[in-house]
Each structure stands twice: as C-alpha cells, then as structure tokens.
Amino acid sequence: MVRFKNRWLLVEFLPIPSISQSGAVAQTIQLNLDGRQIHSVLKQSILSNYGDIGWGAVALSLSVKYFSPTTNICIIRVGREQHKIVWGALTLLDGLEDMRLIPHVVHVSGTIKHVQLAAIAHNRTVIARYRAMANAPVAYQDSYDAYLESSNRDIESLED
C-alpha cells in the first residue's frame, strides 16, 4: 500500500499598509479572512499563472487547514510533487479581497508535526513583536496570553 505524501506550507500574510494622501501610514491591519477565501484566491492564482493543467495537478491535494486572523498565519497542505506550484502561486499573489499583501512562506515541512511546531514558534515571535510595538513590560499580562494558549490548542489539534 502506498501512502499519500504531503508538503505542509506555513504562510504568513503580511499586509501592506496604505498611505493616505497626507503621507501618514496606516496602523496595523487586521485581515478579515477565512480558509475558504484563501483557498479560492489561491485557486485563481494557480489558474491564471499555471492554467488548467496546474490546477488539475493541485486541485485534489490542496487544502487550507488553519488560518489565524490575529497573526495572519496559514497552514496549507498540498501533495509533495505539486508543492512548488502552490508556492509559486503564493509568491505571485498580490492581494486578497481588495487588500494588498505579501505572502511569505515561513516553513515547508513533510510532516504535520514539524509545521505545527514551526507555527507555534512563529506565533510566539509575532506576539512578541506586537508587544514590543506596544512597549509592554516583560511581565505584562494581556489578551495575547489567552490567544497563545487557544492557538496552541487549535494548531496541535490539526490532523492529516
């Protein structure tokens, strides 16, 4: 029996802040997305850049397993042979739902366990960045602590 081999992509969507006419840069942008929207935009990117053959190769194995609107990270599963097509389509993506953003592939793994560990570590890094921007003291308790606990549970509960 042959098992289906996957690649797991950990992707961070970095929003591009808009510059107003006065030259002021907008504050941190919260993405209001879900996995279904990311899947449909990724499908359109694959179709426009790789055509029907590219989408036909990727369609059965592509799925968005996790998306966090707080840290803008996403876990995508795709077949091992087709992961470069999805990575290329992500790289060529310039926006989602009228929002300009830069997709950044943080980690690629062959197992879900390693992408889970990378996602948890990346969540901690992003939250530390948010706390540094807010000039919060080290021992400060905020809502990010509860978020880290709940996101760790959500990420660890993902199954293949």
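Residues numbered from 1 in each chain as written. Predicted model: local features only at pLDDT ≥ 70, side-chain atom pairs only at ≥ 80, totals over all residues. Heavy atoms only, no water.

Taking an unreviewed UniProt entry as the reference, the protein is identified by name as Ribonuclease P/MRP protein subunit POP5 belonging to Lentinula detonsa. UniProt's Sequence similarities (unreviewed entry) comment on the protein is quoted here verbatim: "Belongs to the eukaryotic/archaeal RNase P protein component 2 family." Per UniProt, the comment on the protein under Function (unreviewed entry) is "Component of ribonuclease P, a protein complex that generates mature tRNA molecules by cleaving their 5'-ends." (UniProt positions renumbered as here; feature names shortened; annotations may be inferred.)

### Some remarks on the pattern of salt bridges
Note on pairing: side chains with opposite charge can pair once their charged atoms come close. One pass over the structure, following the stated rule, counts three salt bridges. The salt bridge partner of Glu81 is Arg80, with a shortest N-O separation of 3.8 Å. You can call Glu81 exposed: its relative accessible area is 59%. Exposure remark for Arg80: the relative accessible area of 34% places this residue in the partly exposed category. Here Arg131 and Asp145 are joined by a salt bridge, their closest N and O atoms 2.5 Å apart. Here the residue Arg131 occupies a position in helix α3 (residues 112-133), and Asp145 occupies one in helix α4 (residues 143-156), the gap between them amounting to 14 residues. (Salt bridge = Lys/Arg side-chain N within 4 Å of Asp/Glu carboxyl O. Buried < 20%, exposed > 50% of the residue type's maximum accessible area, 1.4 Å probe, protein only. Helix = DSSP H or I, 4+ residues; strand = E, 2+ residues; numbered from the N terminus.)

### Focus on α4
Over its 14 residues, α4 extends 20 Å from the first C-alpha to the last, a length consistent with the 20 Å expected when each residue adds 1.5 Å. Buried within α4 are the following residues: Tyr147, Leu148, Ser151, Asn152 and Ile155. When α4 is viewed along its axis, its buried side chains cluster within an angular range of 135° and face the same direction. α4 presents Ser143, Glu149 and Arg153 as exposed residues on the side facing more than 90 degrees away from its buried surface. Next to the buried residues of α4 lie β2 (63-68) and α3. (Expected span 1.5 Å × (residues − 1). Arc of directions from axis to C-beta. Contact = heavy atoms within 4.5 Å.)

### Examining the packing of α3 against α4
Contact geometry for α3 and α4: axes closest at 10 Å, N-to-C directions at 165°. Judged by the angle between their axes, α3 and α4 are roughly antiparallel. For the pair α3 and α4, the sense of crossing is right-handed. Where α3 abuts α4, its residues Gln116, Ala119, Ile120, Asn123, Arg124, Ile127, Tyr130 and Arg131 lie against Tyr144, Asp145, Tyr147, Leu148, Ser151, Asn152, Ile155 and Glu156. Broken down by class, the residue content of the contact of α3 with α4 amounts to eight nonpolar, four polar and four charged. (Axes fitted to C-alpha atoms, helices over the stretch in contact; angles between N-to-C directions. Parallel < 35°, antiparallel > 145°, perpendicular 65-115°, else oblique. Left-handed = near helix turned anticlockwise from the far one by under 90°. Nonpolar A, V, L, I, M, F, W, Y, C, P; charged D, E, K, R; others polar.)

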